[in-house]
Amino acid sequence: MIKKTLRQIGALIRKDLGLQFRSKETLVLIFVFSVLVVLIFAFAFGPIFPEKVERGKLTASVLWTAFVFAGIITLNRSFAVERSHGALHGIRLTGVDASNLYLSKVISNVVFLFLLEIVITPIALQFLDLLDVVTMGILLKLLGVLSIGTLGFCAVGVLLAGMSTSTNGGESLLSVILLPLVIPIIMGGAKCTVSLLVTGGLNERFWLNLLIGCSLVFLASAYLLADAVIEE
């Protein structure tokens, strides 16, 4: 039973990642959008903040703004193709469990967004003049924080994307219903990012605990609701 479940999830992940990386328009859109957010903030505010503390706060804001909106685009595209061509119904007819389908969507979106974060984060640090003062250890911790936040974001985002893409104006609807729910994740992630960039460590454990706790709660809750949502 476990082998069958893992085989189903693995096949679905490969299918989702294959579709995402073959869609050159989506790749270009998400990458250009993320870089554009970084450049706008860097050129608009960069010279005003010579202090490391202020630059750390600005960089955290830039990173999380870019990744949240890039995540919304990614989540919409991950369901839109399957909804529009009836592929989702076909997958369900093969006997794939709805919870396995949900987990595969979460994992594939997390992987896709994490790869984007690996590329965009050094670019943001360079333009905001922090790359020279961030060690490899801090960078790895930062990517760890971003990955936890991405997991929580995708955990609830995949569920809501499955609901919103079945209606007209799904992309706008997803933004409206998703952003209020992920505020704790954005707050916790941004605070942890500021702490890492300014002090090199996670001094306030409350924000890290909030980030991890909300991500796990969202993942567990959405997993239990996945069957009802995907059936609709």
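Residues numbered from 1 in each chain as written. Predicted model: local features only at pLDDT ≥ 70, side-chain atom pairs only at ≥ 80, totals over all residues. Heavy atoms only, no water.

S.K.: Tell me about helix α6 (residues 136-164), and please be specific about residues and values.
M.R.: The end-to-end C-alpha distance of α6, which contains 29 residues, comes to 40 Å, matching closely the 42 Å that a straight helix rising 1.5 Å per residue would cover. At Gly-157, α6 is bent by approximately 25°, the largest bend along its length. (Helix = DSSP H or I, 4+ residues; strand = E, 2+ residues; numbered from the N terminus. Expected span 1.5 Å × (residues − 1). Bend = angle between axes of the 7 residues up to and from the residue.)

S.K.: Can you explain the environment of Gly-200? Please cite residues and give values.
M.R.: Along the chain, the position of Gly-200 falls in the loop between α8 (183-199) and α9 (205-231). Linking Gly-200 and Val-133, residues 67 residues apart in sequence, is a C-alpha distance of 9.5 Å. Sequence-distant contacts of Gly-200, that is, excluding residues within four places in its chain, are made with Ile-138, Lys-141 and Ser-195. (Contact = heavy atoms within 4.5 Å.)

S.K.: Account for the packing of α6 against α8, with residues named and values stated.
M.R.: Two elements in contact, α6 and α8, have axes separated by 10 Å at closest approach and are oriented at 180°. Considering their axes alone, α6 and α8 lie roughly antiparallel with respect to each other. Contacts between α6 and α8 involve Ile-138, Lys-141, Leu-142, Val-145, Gly-149, Gly-152 and Phe-153 on the former and, on the latter, Ile-185, Gly-189, Cys-192, Thr-193, Leu-196 and Leu-197. (Axes fitted to C-alpha atoms, helices over the stretch in contact; angles between N-to-C directions. Parallel < 35°, antiparallel > 145°, perpendicular 65-115°, else oblique.)

S.K.: Before we move on, can you summarise helix α5 (residues 98-127) with the specific residues and values?
M.R.: With 30 residues, α5 should reach 44 Å at 1.5 Å per residue; the first-to-last C-alpha distance of 43 Å fits that figure. At Ile-120, α5 is bent by approximately 25°, the largest bend along its length, and proline Pro-122 sits one to four residues beyond. Among the residues trailing α5, Asp-129 stands out with phi positive, at a value near 60°.

S.K.: Residue-level account of the packing of aromatic side chains, with values.
M.R.: Applying the stated criterion to the full structure yields two aromatic pairs. Ring centres of Phe-43 and Phe-127 lie 6.1 Å apart, and the angle between their planes is 70°; this geometry places the pair in the edge-to-face category. Taken together, the residues span a long stretch of sequence, with Phe-43 in helix α2 (residues 24-45) and Phe-127 in helix α5 at a distance of 84 residues. Aromatic side chains Phe-206 and Trp-207 sit 5.0 Å apart centroid to centroid with 75° between the ring planes, which places their arrangement in the edge-to-face category. The class for Trp-207 is buried, based on a relative accessible area of 15%. (Phe/Tyr/Trp six-rings, centres within 6.5 Å; stacked < 30°, edge-to-face > 60°. Buried < 20%, exposed > 50% of the residue type's maximum accessible area, 1.4 Å probe, protein only.)

S.K.: Before we move on, can you summarise a nonpolar patch on the surface with the specific residues and values?
M.R.: On the surface, Phe-21, Val-28, Phe-31, Val-32, Ile-107, Val-111, Leu-115, Ile-118 and Val-119 cluster together into a nonpolar patch covering about 690 Å² of accessible area. Every element with two or more residues in the nonpolar patch is listed here: α2 and α5. Among the elements that line the nonpolar patch, the one with the most residues is α5, at five residues. Residue placement: Ile-118 occurs in helix α5. (Patch = residues over 30% accessible without salt bridge, like charges linked within 9 Å, V, L, I, M, F, W, Y side chains within 5 Å. Areas by Shrake-Rupley, 256 points an atom, 1.4 Å probe, with all protein chains shown as cover. Salt bridge = Lys/Arg side-chain N within 4 Å of Asp/Glu carboxyl O.)

S.K.: Just give me the short version of the side chain of Ser-104, but keep the residues and values in it.
M.R.: Structurally, the position occupied by Ser-104 is in helix α5. You can call Ser-104 buried: its relative accessible area is 0%. Polar contacts involving the side chain of Ser-104 include one to the main-chain carbonyl oxygen of Leu-101, which spans 2.7 Å. The residues contacting Ser-104, other than those within four sequence positions of it, are Ile-9, Leu-12, Ile-13 and Asp-16. (Polar contact = N/O pair within 3.5 Å; in protein donor to acceptor, adjacent residues only side chain to side chain.)

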